[in-house]
Amino acid sequence: MNPATLATIHNDRLLAICNHCANTVELNERQLIKKYGRGYEVPEIRKRLRCTRCGSRNCAVQLALPEDKSA
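Residues numbered from 1 in each chain as written. Predicted model: local features only at pLDDT ≥ 70, side-chain atom pairs only at ≥ 80, totals over all residues. Heavy atoms only, no water.

A.B. asks: I'd like a description of the nonpolar core, backed by residues and values.
C.D. replies: Of all hydrophobic cores here, the largest spans 14 residues; its most connected members are L6, L14, L27, L32, V42, I45 and L49. In terms of residues, this core owes the most to one element, strand β1 (residues 14-18), which gives 3 residues. If near-sequence neighbours (up to four positions away) are discounted, L6 is found in contact with L14, E29, L32, I33, G37, R38, Y40, V42 and I45. (Core = buried A, V, L, I, M, F, W, Y, C linked by side-chain atoms within 4.5 Å. Buried < 20%, exposed > 50% of the residue type's maximum accessible area, 1.4 Å probe, protein only. Helix = DSSP H or I, 4+ residues; strand = E, 2+ residues; numbered from the N terminus. Contact = heavy atoms within 4.5 Å.)

Printed below as a string of structure tokens:
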């Protein structure tokens, strides 16, 4: 199975999560596509991350669960 690319995440929210301090930020998909291209693999993004709170490079990337708009 091939890894997801920026083109295949279909406007889902992409989160960067620091494994050291748990700081979580939403990544801007459009900026990522502009910088790296639509074919860039999502797992590769984590190699370029640095936590904005603690400076750790030990970060994860994951798709956010859809928001529940019924509440």
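Having seen the model, we can carry on.
A.B. asks: Summarise the sheet that holds strand β3 (residues 59-63); cite the residues concerned and give the values.
C.D. replies: For sheets, the rule is that strands pair by backbone hydrogen bonds, running either parallel or antiparallel. Read from one edge to the other, the open sheet built from 3 strands follows the order β2-β1-β3, with strand pairing classed as antiparallel. Of all strands in the sheet, those bounded by a partner on one side alone are β2 (24-27) and β3. Pairs of neighbouring strands in the sheet enclose a mean axial angle of 30 degrees, with direction left out of account. The sheet contact formed by β1 and β2 spans 4 bridges and is antiparallel. The partner of A16 across the bridge, within β2, is V25. (Pairing = 2+ DSSP bridges. Axes fitted to C-alpha atoms, helices over the stretch in contact; angles between N-to-C directions.)

A.B. asks: Now, about the pattern of salt bridges: what can you tell me, with residues and values included?
C.D. replies: Side chains that carry opposite charge are capable of pairing whenever their charged atoms lie near each other. All chains considered together, the criterion is met by 2 salt bridges. Its salt-bridge partner being E26, residue R13 comes within 3.2 Å of it at the nearest N-O pair. Residue R13 is found in the segment before β1, and its partner E26 is found in strand β2; the two are separated by 13 residues along the sequence. Owing to a relative accessible area of 31%, R13 belongs among the partly exposed residues under this scheme. A residue is classified by how much of its surface remains accessible, and E26, at 47% relative accessible area, is partly exposed. Note that K47 and E44 form a salt bridge whose closest N and O atoms lie 3.0 Å from each other. Judged by its relative accessible area of 26%, E44 is partly exposed. (Salt bridge = Lys/Arg side-chain N within 4 Å of Asp/Glu carboxyl O.)

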